[in-house]
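# An overview of the molecular structure
Single-letter residue listing:
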Amino acid sequence: EQAIQSLSTCGATFFKSSFKDSASLLLVLGSLKRASENNAPQFSSYLDLYAKTIKLLIDEINDRVCSIRDLLSQSHCFDDAIPILEMLDRQLHNQGLDEHIK
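The model shown is predicted, which means the values in this text are computed figures rather than measured ones.

## Notes on the pattern of salt bridges
Evaluated as defined, the whole model comprises 3 salt bridges. Between Glu99 and Lys33 there is a salt bridge, with its nearest N and O atoms 3.6 Å apart. Note that Glu99 is positioned in the segment after helix H4 (81-93) and Lys33 in helix H2 (residues 23-36), a separation of 66 residues in sequence. Where Lys55 meets Asp59, a salt bridge forms, and the shortest distance between an N and an O atom there is 2.8 Å.

Following this line, the structure appears as structure tokens:
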């Protein structure tokens, strides 16, 4: 229940920090994933919520990457975007976000 309440806050923090602050988001996603895998009837709604949350997360990441790409194509300056994209890559491959986004 607490995971549901903090989900939007953790997601907003993750995106505002340019993918740096993922600890809270990963904690909430992990809790939500475990709840969604539980076969007890009281947890049945979590499967849907987890799937919707992951889809929204993927869509938002895609939107952010497209925005970065558009800015790069207009400015031809890659220096600002490289650390942001490296951080996203680190979150996806080293910090555990890839467990949720496949």
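There's plenty left to go through after this.
## What to know about the layout of surface pockets
A volume near 150 Å³ is recorded for the largest pocket. Every residue along the wall of the largest pocket is listed here: Leu7, Ser8, Gly11, Phe15, Leu25, Thr53, Leu56, Leu57 and Glu60. Mapped onto the lining of the largest pocket, the elements with two or more residues apiece are helix H1 (2-16) and helix H3 (44-75). Looking at side-chain class alone, the lining of the largest pocket contains 5 nonpolar, 3 polar and 1 charged residues.

Here is what the cut-offs are and how they apply
- Residues numbered from 1 in each chain as written.
- Predicted model: local features only at pLDDT ≥ 70, side-chain atom pairs only at ≥ 80, totals over all residues.
- Heavy atoms only, no water.
- Salt bridge = Lys/Arg side-chain N within 4 Å of Asp/Glu carboxyl O.
- Helix = DSSP H or I, 4+ residues; strand = E, 2+ residues; numbered from the N terminus.
- 1 Å grid on protein atoms, 1.4 Å probe; cavity = no way out; pocket = protein on both sides within 12 Å on 5 of 7 lines; lining within 4 Å.
- Points joined across faces, edges and corners; volume = space filled by probe spheres on them.
- Nonpolar A, V, L, I, M, F, W, Y, C, P; charged D, E, K, R; others polar.

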